[in-house]
Amino acid sequence: MKELVEIIANALVDNPDEVVVTETENEKEIVLSLRVAPDDMGKVIGKQGKIAKAIRTVVRAAAPKSDKKILVDIR
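Residues numbered from 1 in each chain as written. Predicted model: local features only at pLDDT ≥ 70, side-chain atom pairs only at ≥ 80, totals over all residues. Heavy atoms only, no water.

Chemist: What should I look at first to understand the overall build of the chain in this one?
Modeler: Along the backbone of the chain there are three helices and three strands. Along its sequence from the N terminus, the chain presents helices and strands in the succession α-β-β-α-α-β. The C-alpha atoms of the chain give a radius of gyration of 12 Å, which matches the 11 Å a tight globule of 75 residues would have. Viewed in the frame of its principal axes, the chain has a C-alpha envelope of about 35 × 25 × 15 Å. Residue pairs in contact within the chain that sit at least 24 positions apart in sequence constitute 55% of those at least 6 positions apart. Separation of charge centres in the chain, based on 13 positive and 13 negative side chains, amounts to 9 Å. (Helix = DSSP H or I, 4+ residues; strand = E, 2+ residues; numbered from the N terminus. Rg over C-alpha atoms; globule rule 2.2 N^0.38 Å. Contact = heavy atoms within 4.5 Å. Lys, Arg positive; Asp, Glu negative; His and termini not counted. Charge placed at Lys NZ, Arg CZ, Asp CG, Glu CD.)

If you want it as structure tokens, here you go:
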């Protein structure tokens, strides 16, 4: 999942070198934290959060069936 978020974010931003995705896992959920340059934040979030919502939807659809919830946190 981490690689998928990196690929999507790199395609959207102007500074792909500053894209960092970290994965944290506990008993109930997997959290993917996406960090981009401040100038690229709007490109990753989109108008009214539409791009961020689409990223989250794609990640959930690509995730293997498990009992863990997958969250994408954009920072």
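Chemist: Would you mind showing me how to read the pairing of strand β3 (residues 69-74) here?
Modeler: On any regular strand, side chains alternate: one points to one face of the sheet, the next to the other face. Only one face of β3 is buried: it carries I70, V72 and I74, and the other face, with K69, L71 and D73, is open. For strand β2 (residues 29-35) and β3, the ladder comprises six bridges, and the chain directions are parallel. When the sheet's bridge partners are listed, I30 is paired in β3 with I70. (Buried < 20%, exposed > 50% of the residue type's maximum accessible area, 1.4 Å probe, protein only. Pairing = 2+ DSSP bridges.)

Just geometry here; none of it tells us what the structure is for.
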